[in-house]
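Observations on chain architecture
So the chains spell out like this:
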Amino acid sequence: MTLAKRVPIFLLRLLALGASVTAAVVMVSARDSAQVLNVTFEANYTNSPTFKYFVIINAVAGGYTLIVLFCPSKVSLFRFLLVSDLIVTLLLDSSVSANIAIGQVGKHGNSHAGWLPICNQVPKFCNHVAGALIANFVASLAYLVILLYSLHIVLNLPKP
Amino acid sequence: MADEKVVEGAENGACQTPVVSANKANDWLIFLLRLFAFFATVSATVVMAINKQTLTVVVATIGRTPIQASVTAKFQHTPAFIFFVIANGLASIHNLLMLIVELIGHKFDFKGLRYLLIPILDMLNVALVSGGTSAAVFIGELARNGNSHAKWNKICDKFSTYCKHGGGAMIASSIGLVLMIIVNVISITKLRIQKCQNYSRLP
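Sequence positions are assigned chain by chain, starting from 1 and proceeding in written order. Chain A is the first chain written and ligand 1 is the first ligand written, with later ones labelled in order. Only residues with pLDDT of at least 70 are given local features in this predicted model, and only at 80 or more are side-chain atom pairs given and counted; all residues enter the totals for whole chains, interfaces and linings. Computation of side-chain values covers all heavy atoms of the structure but excludes hydrogens and water.

1. Considerations on the overall build of chain A
Within chain A, the secondary structure is distributed over four helices and two strands. Only DSSP runs of H or I reaching four residues or more are called helices, and only runs of E reaching two or more are called strands; each is numbered from the N terminus. Shown N-terminal to C-terminal, the secondary structure of chain A runs as helices and strands in the order α-β-β-α-α-α. A globule of 160 residues ought to have a C-alpha radius of gyration of about 15 Å, yet chain A, at 19 Å, is considerably larger. Expressed as lengths along the three principal axes of its C-alpha atoms, the size of chain A is roughly 65 × 30 × 25 Å. Taking all contacts inside chain A whose residues are at least 6 apart in sequence as the whole, residues at least 24 apart take part in 78%. Per element, the accessible surface of chain A, about 7,900 Å² overall, is 70% carbon and sulfur. With the radius of gyration taken over C-alpha atoms, the globule rule is written as 2.2 Å times the number of residues to the power 0.38. Two residues qualify as a contact provided that any one of their heavy atoms is within 4.5 Å of a heavy atom in the partner residue. Note that accessible areas follow from Shrake-Rupley with a 1.4 Å probe, and for residues the cover is restricted to the protein chains shown.

2. Regarding the state of the cysteines
In this description, a disulfide is simply a cysteine sulfur pair whose atoms lie within 2.5 Å. In total, this model carries two disulfides over all chains according to the counting rule given. The residue that forms a disulfide with Cys-119 of chain A is Cys-126 of chain A, at a sulfur-sulfur distance of 1.8 Å. Every disulfide takes its handedness from the sign of the S-S torsion; for Cys-119 of chain A and Cys-126 of chain A that torsion is -90°, giving left-handed. Take Cys-119 of chain A and Cys-126 of chain A: they sit in the same class, and that class is buried. With a sulfur-sulfur separation of 1.8 Å, Cys-156 of chain B is cross-linked through a disulfide to Cys-163 of chain B. An S-S torsion of about -90° defines the bridge between Cys-156 of chain B and Cys-163 of chain B as left-handed. Here the term buried applies to any residue with accessible area under 20% of the maximum for its type, exposed to any over 50%, and partly exposed to those in between, with areas from a 1.4 Å probe on protein chains only. Given the relative accessible area of 12%, Cys-156 of chain B is considered buried.

3. With respect to the packing of helix H2 (residues 79-104) of chain B against helix H3 (residues 114-145) of chain B
Residues and elements named next belong to chain B. A fitted line through C-alpha atoms serves as each axis, taken over the contacting stretch for helices, and the angle formed by two N-to-C directions is quoted from 0 to 180°. It is at 8 Å that the axes of H2 and H3 come closest, and there the two elements cross at 155°. Classified by the angle their axes make, H2 and H3 are roughly antiparallel. For the pair H2 and H3, the sense of crossing is left-handed. Side-chain classes follow a simple rule in which Ala, Val, Leu, Ile, Met, Phe, Trp, Tyr, Cys and Pro form the nonpolar group, Asp, Glu, Lys and Arg form the charged group, and the remainder, Gly included, forms the polar group. Taken together, the residues of the contact of H2 with H3 sort by class into 16 nonpolar, six polar and two charged. Put simply, angles under 35 degrees are roughly parallel, angles over 145 are roughly antiparallel, angles from 65 to 115 are roughly perpendicular, and the rest are oblique. Should the near helix be turned anticlockwise from the far one by less than a right angle, the crossing is left-handed, and should it be turned clockwise, the crossing is right-handed.

4. Some thoughts on unusual backbone geometry
Residues and elements named next belong to chain B. For Lys-151, which is not a glycine, the phi torsion comes out positive at approximately 60°. Along the chain, the position of Lys-151 falls in the loop between H3 and helix H4 (160-190). Its relative accessible area of 61% is what places Lys-151 among the exposed residues.

5. Points about the confidence of the model for chain A
Here chain A averages 87 in pLDDT, and 92% of its residues register 70 or above. For chain A, per-element mean pLDDT is lowest for strand S2 (residues 39-43) of chain A, which scores 79, and highest for helix H2 (residues 49-69) of chain A, which scores 94. Along the chain, pLDDT gives the predictor's confidence residue by residue, from 0 to 100.

6. Quick word on the side chain of Ser-173 of chain B
Residue and element names in this part refer to chain B. Position of Ser-173 relative to the elements: it lies in helix H4. The exposure class assigned to Ser-173 is buried, which follows from its relative accessible area of 0%. At 3.4 Å, the side chain of Ser-173 forms a polar contact with the side chain of Asn-88. When residues no more than four places from it in sequence are discounted, the contact partners of Ser-173 are Ala-44, Phe-84, Asn-88, Val-129 and Thr-133. Residues adjacent in sequence count toward polar contacts only when both atoms are side-chain atoms; beyond that, a polar contact is any pair of N or O atoms within 3.5 Å, and within protein one must be able to donate a hydrogen and the other to accept it.

7. With respect to the interface of chain B and chain A
The partner chain A presents 36 residues to the 42 residues of chain B that form the contact. Here the buried area means the combined drop in accessible surface, using a 1.4 Å probe, for two parts upon being joined, counting both sides. Taken together, both faces of the contact between chain B and chain A bury some 3,500 Å²; the carbon and sulfur share is 75%. At the boundary of chain B and chain A, one finds seven residue pairs in polar contact (both at pLDDT 80 or more). Sorting the residues of the side of chain B that touches chain A by element identifies H2, H3, H4 and strand S5 (191-192) of chain B as the ones contributing at least two each. Here the side of chain B that touches chain A gets 19 residues from one element, more than from any other, and that element is H3 of chain B. Residues of the side of chain B that touches chain A, tallied by class, amount to 27 nonpolar, 13 polar and two charged.

Here it is, written out as structure tokens:
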């Protein structure tokens, strides 16, 4: 495969690696505490299984991208790489979607279920989570572009 | 190669159109899997869309008459479930269109573009369904277990029918997601890097 085709994918993978590692690190370092009626109430990423899932998925995506970056691109491996790229894109996409849902409940609450928003009490935690979500979103977008570009390469369409 | 079908439009020595290995068994496999995926996504959409439960709660008692208020749980109350319904609805429309294209689409051929469009559209819809399913699953887990750190109470002990139906819709959507992933992977592995067919050899 020519260098001109490999360079954009390499750059996109670098972007995805940076974004997913940033997302995992920012989520792990999100911490805030609030005092309500003399009870200290700590907000941490371990409080919710969704946030734990977020950290795991982003760590896995970052590790996978690191391995693939230094993999020699043989033509025979290319289609296998496409399938594993698809799976990693799906995982990133599912993690961003689930965490946006939980984050929305944390920020606005759900009056029908009687769930009060918590972002007023722990604003630093909420901001860190929002930043991690943005990084994850960038990583999943980068992977989507990698996937579409790889599909374009596989079909080897001529340039117009 | 005897088992390769070249799409119309390929010209002498020019690699213009993608080549797909024509395997009848593969085509029928994809058709069947897509049919099941269609049923799964449609049932997920419908079950979540008609999911509703009403409870009457006694709020106060004046004298001997209890005052009752009714509390309803509907899918519209949670944005995650709204996204779930929309994502599964779009995916089932996509599956239906692809089924129709496979049945009657062999007459129309857009210069082999179809073999590129189908995996791309499949990928987009797989991403959509995976997002919808995971959001609904995690919100459902929150509803079932609550979150003591954030003081969010669980609601599944009161609205048990709502939770059960929602869980069924999520299972159907997950099955549809797995089937769509398999269909997508098969479509991708059917594509080949174009080898130029040389038609200028005359007998």
